[in-house]
Amino acid sequence: MDRKLYHVLGAKQFDRAELERLFAASREMEDVVAAGGDRRLAGRIMTTLFFEASTRTRLSFESAMHRLGGSVIGTENAAQFSSAIKGETLEDTIRIISGYSDVIVMRHTEIGSAKRAAAVTGVPVINAGDGAGEHPTQALLDAYTINKEFGRIDGLKIAMVGDLAYGRTVHSLSYMLANYQDVMIYYIAPENVQIPANVKRYMDGKGIRYQETHDLNAVAGSVDVVYQTRIQKERFPSLEEYEKASGKYIIDGELLSRMRKEAIVLHPLPRAGEIAEEVDADPRAAYFRQAHNGLYIRMALIAKCLGVAD
Ligand code: CP
């Protein structure tokens, strides 16, 4: 059967029907994991090619492949330990890896790198983060978590906090939330890392309500989700710019006391001080549950990419 290649390059590619299918498949994967995994991907190989550091994304993808009976090859530090360091182009690296594996999961420093990779290969490419661009599989697990915690996404109020300029997770999550009815987004960021104009244009085009503000305290009591993010020191052009943005928004016991009892705190993680550890014991702290959901979503996604799911 001639099957169209299923790359995962950005969050805009997912419509609501596709998200609902993936969420249903992810729920089934929770049972598969509870039963000890299965062998549906036996004989299949995944390459994980990471030019930037990762704990959750790389290891949950690798775990997902193993849970479904597949194998993994890869490099966790492709910038140093692949032939990129000898000057090999990304395109050539991808052409070579395509002969060794059935699916490529790639994290790279440059916006648009996953699209470049997909253009030269006959195997599915999954974007595991392209610089300050997008992180679509994080948005999938974020949306899955929100849906699981509330039983819906429609009608929710979501505050996205922190580094909204370089934060690829908030770009992808915004695009994904645009599939839902009556959501309201509060973008809360220091002056030099506001949500980019291209994201706002997309949300405007989809008729999604949003408000930009600097005042987290003012909205904390009315939102369903506080989506906190790290101020990413490594992405700033200078230490001075980083210092202008850092330390402005901390989720601590005091902030939590302003939030609704049914609200949740999410964070793509890692955190670097922007959620105090005292928050962890509160049932509204959903960020570790969120990270664990990444396994199920990624199992469902790999199965889809490799043609063993709907
Ligand atoms: N959320 C996320 O992408 O985490 P890692 O950088 O650890 O993969």
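Located above this text is the structure these notes cover.
First, a word on scope: everything that follows refers to the structure included in this document. Being a predicted model, the structure only gives us computed values, none of them experimental.

Section: the overall build of the chain
- Within the chain, the secondary structure is distributed over 12 helices and nine strands.
- For the chain, whose C-alpha radius of gyration is 19 Å, the value lies close to the compact-globule estimate of 19 Å for 310 residues.
- When its C-alpha atoms are laid out on the principal axes, the chain stretches across 55 × 45 × 40 Å.
- Scored against the burial criterion, the 310 residues of the chain give a buried share of 55%.
- Expressed as a percentage of contacts within the chain between residues at least 6 apart in sequence, the contacts between residues at least 24 apart total 74%.
- Across the chain, 38 positive and 41 negative side-chain charges occur, with their mean positions spaced 3 Å apart.

Some details on the environment of Glu76
- With respect to the helices and strands, Glu76 occurs in the loop between β2 (71–75) and α3 (78–81).
- Considered as a pair, Glu76 and Arg107 are 31 residues apart in the sequence and their alpha carbons are 9.5 Å apart.

Overview of the sheet that holds strand β1 (residues 45–50)
- Strands sit in the order β2-β1-β3-β4 across an open sheet of four strands; the sheet is parallel. Each having just a single partner strand, β2 and β4 (125–130) make up the two edges of the open sheet. Mean inter-strand twist for the sheet, computed between neighbouring axes without regard to direction, equals 15°.
- When strand β3 (residues 103–108) meets β4, the two strands line up parallel, connected through four bridges. Looking across to β4, one finds that Ile104 is bridged to Val125.

Digging into the layout of surface pockets
- Looking at the largest pocket, its volume works out to about 420 Å³.
- Going through the elements one at a time, α2 (56–67) and α7 (168–177) are the ones with two or more residues in the lining of the largest pocket.
- The residue inventory of the lining of the largest pocket, partitioned by class, reads four nonpolar, 10 polar and eight charged.
- Its volume calculated, the second largest pocket comes out at about 270 Å³.

The rules behind these values
Residues numbered from 1 in each chain as written. Predicted model: local features only at pLDDT ≥ 70, side-chain atom pairs only at ≥ 80, totals over all residues. Heavy atoms only, no water. Helix = DSSP H or I, 4+ residues; strand = E, 2+ residues; numbered from the N terminus. Rg over C-alpha atoms; globule rule 2.2 N^0.38 Å. Buried < 20%, exposed > 50% of the residue type's maximum accessible area, 1.4 Å probe, protein only. Contact = heavy atoms within 4.5 Å. Lys, Arg positive; Asp, Glu negative; His and termini not counted. Charge placed at Lys NZ, Arg CZ, Asp CG, Glu CD. Pairing = 2+ DSSP bridges. Axes fitted to C-alpha atoms, helices over the stretch in contact; angles between N-to-C directions. 1 Å grid on protein atoms, 1.4 Å probe; cavity = no way out; pocket = protein on both sides within 12 Å on 5 of 7 lines; lining within 4 Å. Points joined across faces, edges and corners; volume = space filled by probe spheres on them. Nonpolar A, V, L, I, M, F, W, Y, C, P; charged D, E, K, R; others polar.

Just geometry here; none of it tells us what the structure is for.
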